[in-house]
Amino acid sequence: MSDTPFIEIRHAAKSFGALEVLKDINLTVERGQIVAIIGPSGSGKSTLLRAINELDPLTSGEVWLEGVQINRSLPHRQYEKHVNQVRQDIGMVFQHFNLFPHLSVRDNITLAPKMLKGMSSADANKLAEQQLAHVGLSDKIDVFPSRLSGGQKQRVAIARALAMKPKVMLFDEATSALDPELVEEVNLVMKKLAEEHMTMIIVTHEMDFAASVCDRVLFMDRGVVVEEGPPGVIFQNPKEERTKNFLRKHLSR
Amino acid sequence: MLRVYPFFLQAALVTVQLSVLTCLLGLACGAVGASMRLSRLAPLRWIAAAYVSLFRGTPALIQVFILYFGGPQIGINLDAFTAGTIALGVNIGAYMTETIRGAILSVDRGQTEAARTLGMSKWQTMRKVILPQAARMMIRPLGVNINALIKGTALLAPISVIELTQTAQRFIGSTYKPFEMFLMAGVLYMIFIYIVGQGINWLDRRARIS
């Protein structure tokens, strides 16, 4: 079925008790598309991103990847097996990197491919070398994470996610915890991925980056997508008052 | 005075045996207890919580007495050494349950998220990501538990296990030297605890390097 959307989110809703953090969100992402999600903190953008790989399961609604429903309701054991399988196709990069501090950079990258794909040590090592070269950190392969700068950590985290050969990459404020001078090196890696047509969904506070790299921008506020469109439209000609207010605060520096 | 040394040496050996066995049983109870405390299944969590509050909420001496003196009433006939080891092991296991659980919970949630996001199962995440980090954080607090259990073996004197405290007590009658007798026992405990303490320090340092 070629008309099946690559990623489709239907009527996504989520509440924590009485608090509704996502309200009936619909979103489709085509293969190779790069989508930025912007909005004030508490708007639900991270929650939406984390719903895609079931880190924060939805209360109701559906998430589909290539015609496979990710958030299927199944008996516990089958559900676990199912999510472990689908998560291999969805790479995620976190604000705080979450590298494994007890493992070297090499082992951070090879752990999952060896364990989950039964890759041999030799193949996994080759893969780690490739991925590190890709993010420009070949010389750090035998270093432990504590010896890396924030920007380097995040690039290793990206390499680790890419080593699973994901179909889509999710970035959850990947540069928010970085010192300003380290942001650019991570952005460059993300731009490189964009040029390689990796499908990406990026939650970000960096409007310039969203404008220059993304195909589409979603503006979220209080659990709904207020407005979406190409960056040129959203950043230059937003229709909604809420979008204008938000951008006024974030674009004027 | 000289003739008591062999008995003290013998008794010290029993204290070491008791400590080792109690420690192993305690670690086993602690590992099982902690995994139950962290289980997805509520009944397992309740059982483990009840275990912890029961054994931490009553004196260890009472637990020893119940098993050794009360046991035969319900058909459990154990010699003093066995009953004492089981009672103390299960008792320290309650403390170790909390120590192990605490160390596991102290590993940043982001670690679990990162591992699960890569597609690793809960068990794979626990084994390869969480436990190696938690183990490092357990060494010192488990050392405190072990220190307590070594001193706790003195609680088996009243049920006549021939360990250090009991031996000191036994020789007061014939030597009329309670001060020396208890001092001797105290010094032997201290030597043992010092050695174990050094072992813990060594482990802790080694775990930190990488």
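Anything mentioned here points back to the structure above.
The present account deals with the structure reproduced in this document. Bear in mind that the values here come from a model prediction, so they are computed numbers and not experimental data.

**What about the overall build of chain A?**
What chain A contains, in helices and strands, is nine helices and 10 strands. Its C-alpha radius of gyration of 18 Å places chain A within 12% of the 18 Å reference for a compact globule of 253 residues. Its C-alpha atoms put chain A at 55 × 50 × 40 Å along the principal axes. Classification of the 253 residues of chain A by burial places 56% in the buried group. With an accessible surface of roughly 11300 Å², chain A has 49% of that area assigned to carbon and sulfur atoms.

**Here we look at the nonpolar core**
One finds Phe100, Leu170 and Ile201 of chain A together with Phe8 of chain B to be the most contacted residues of the largest nonpolar core, which totals 71 residues. A total of nine residues in this core trace back to one element, the largest contributor, which is helix α6 (residues 122-152) of chain B. Filtering out sequence-adjacent residues up to four positions away, Phe100 of chain A remains in contact with Asn108, Leu111, Pro145 and Arg160 of chain A together with Gln111, Ala114, Ala115, Leu118 and Val129 of chain B. Counting 48 residues, the second largest nonpolar core, distinct from the first, contains Ala36, Leu162, Leu178 and Cys214 of chain A.

**Describing the packing of aromatic side chains**
Evaluation of the coordinates by the stated rule reveals six aromatic pairs over all chains. With a centroid separation of 5.2 Å and an interplanar angle of 55°, the aromatic rings of Phe7 of chain B and Phe171 of chain B are classed as tilted. Taken together, the residues span a long stretch of sequence, with Phe7 of chain B in helix α1 (residues 5-37) and Phe171 of chain B in helix α7 (residues 164-175) at a distance of 164 residues. What links up through ring pairs into an aromatic cluster is the set Phe7, Phe8 and Phe171 of chain B. Above the ring of Phe100 of chain A, the side-chain terminus of Arg160 of chain A is found at 4.4 Å from the ring centroid. Positioned over the ring face of Tyr95 of chain B is Arg56 of chain B, at 5.9 Å from the centre of the ring.

**Remarks on the sheet that holds strand β4 (residues 60-65) of chain A**
All names here are of chain A. Judged by pairing direction, the sheet is antiparallel, and its four strands sit side by side in the order β2-β1-β4-β5 without closing on themselves. Of all strands in the sheet, those with a lone pairing partner are β2 (19-29) and β5 (68-69), marking the two edges. With two bridges joining them, β4 and β5 adopt antiparallel strand pairing. From the neighbouring strand, Trp64 faces β5, where its bridge partner is Gln69. In the packing of helix α1 (residues 45-52) onto the sheet, the strands contacted are β1 (7-16), β2 and β4, and the crossing angle to β2 comes to about 60°.

**Overview of the interface of chain B and chain A**
Facing the 22 residues of chain B at the interface are 24 residues of chain A. Interface area for chain B against chain A, summed over the two sides, is near 2000 Å², with a carbon-plus-sulfur share of 61%. Summed over the three residues of chain B that lose the most area to chain A, namely Arg116, Thr117 and Leu118 of chain B, the buried surface amounts to 32% of that side. On the surface where chain B and chain A come into contact, there are three salt bridges.

**A look at the pattern of salt bridges**
Under the counting rule described, the total for this entry stands at 18 salt bridges over all chains. Close ionic contact of Arg37 of chain B with Glu98 of chain B constitutes a salt bridge, the shortest N to O distance being 3.1 Å. Linking Arg37 of chain B in helix α1 with Glu98 of chain B in helix α4 (residues 80-105), this pair joins segments that are 61 residues apart in sequence. The class for Glu98 of chain B is buried, based on a relative accessible area of 17%. Salt-bridge contacts for Glu98 of chain B lead to Arg101 of chain B; the nearest nitrogen and oxygen are separated by 3.5 Å. Here the residue Glu98 of chain B and the residue Arg101 of chain B both occupy positions in helix α4, the gap between them amounting to three residues, near one helical turn. Each of Arg31, Glu66, Asp89 and Lys167 of chain A takes part in one network of salt bridges that share partners.

**Side note on the pairing of β4 of chain A**
Residues and elements named next belong to chain A. Pairing geometry for β1 and β4, over five bridges, is antiparallel. Across the sheet, Ile9 pairs through a bridge with Val63, a residue of β4. Joining the antiparallel neighbours β4 and β5 is a turn of two residues, in which Glu66 adopts a positive phi near 45°.

**With respect to the packing of helix α3 (residues 105-117) of chain A against α6 of chain B**
In contact at an axis separation of 12 Å, α3 of chain A and α6 of chain B are set at 145° when each is read in the N-to-C sense. Crossing angle aside, the handedness with which α3 of chain A passes α6 of chain B is right-handed. Every residue of α6 of chain B that contacts α3 of chain A at Leu111, Met115 and Leu116 of chain A is listed here: Gln124, Arg127, Lys128 and Val129 of chain B.

**What about the sheet that holds strand β3 (residues 34-38) of chain A?**
Residue and element names in this part refer to chain A. The strand order β6-β7-β8-β3-β9-β10 describes an open sheet built from six strands, whose pairing is mixed. Since the sheet does not close on itself, it has two edges, and those belong to β6 (90-93) and β10 (224-229), each with one partner. Ignoring which end each strand starts from, the neighbouring axes of this sheet average 20° apart. Along the sheet, α1 contacts β3, β6, β7 (168-172), β8 (199-203) and β9 (216-221); its crossing angle with β7, the most-contacted strand, is approximately 150°.

**Quick notes on empty space enclosed by the protein**
Residue and element names in this part refer to chain A. Under the counting rule described, the total for this entry stands at three cavities of 30 Å³ or more. By volume, the largest cavity is sized at about 60 Å³. Of all the secondary-structure elements, those providing two or more residues to the lining of the largest cavity are α6 (180-195) and β8. Broken down by class, the residue content of the lining of the largest cavity amounts to five nonpolar, five polar and two charged.

Conventions adopted
Residues numbered from 1 in each chain as written. Chains lettered and ligands numbered in written order. Predicted model: local features only at pLDDT ≥ 70, side-chain atom pairs only at ≥ 80, totals over all residues. Heavy atoms only, no water. Helix = DSSP H or I, 4+ residues; strand = E, 2+ residues; numbered from the N terminus. Rg over C-alpha atoms; globule rule 2.2 N^0.38 Å. Buried < 20%, exposed > 50% of the residue type's maximum accessible area, 1.4 Å probe, protein only. Areas by Shrake-Rupley, 256 points an atom, 1.4 Å probe, with all protein chains shown as cover. Core = buried A, V, L, I, M, F, W, Y, C linked by side-chain atoms within 4.5 Å. Contact = heavy atoms within 4.5 Å. Phe/Tyr/Trp six-rings, centres within 6.5 Å; stacked < 30°, edge-to-face > 60°. Lys NZ or Arg CZ within 6 Å of the ring centre and 35° of its normal. Pairing = 2+ DSSP bridges. Axes fitted to C-alpha atoms, helices over the stretch in contact; angles between N-to-C directions. Buried area = accessible area lost by both parts, 1.4 Å probe. Salt bridge = Lys/Arg side-chain N within 4 Å of Asp/Glu carboxyl O. Left-handed = near helix turned anticlockwise from the far one by under 90°. 1 Å grid on protein atoms, 1.4 Å probe; cavity = no way out; pocket = protein on both sides within 12 Å on 5 of 7 lines; lining within 4 Å. Points joined across faces, edges and corners; volume = space filled by probe spheres on them. Nonpolar A, V, L, I, M, F, W, Y, C, P; charged D, E, K, R; others polar.

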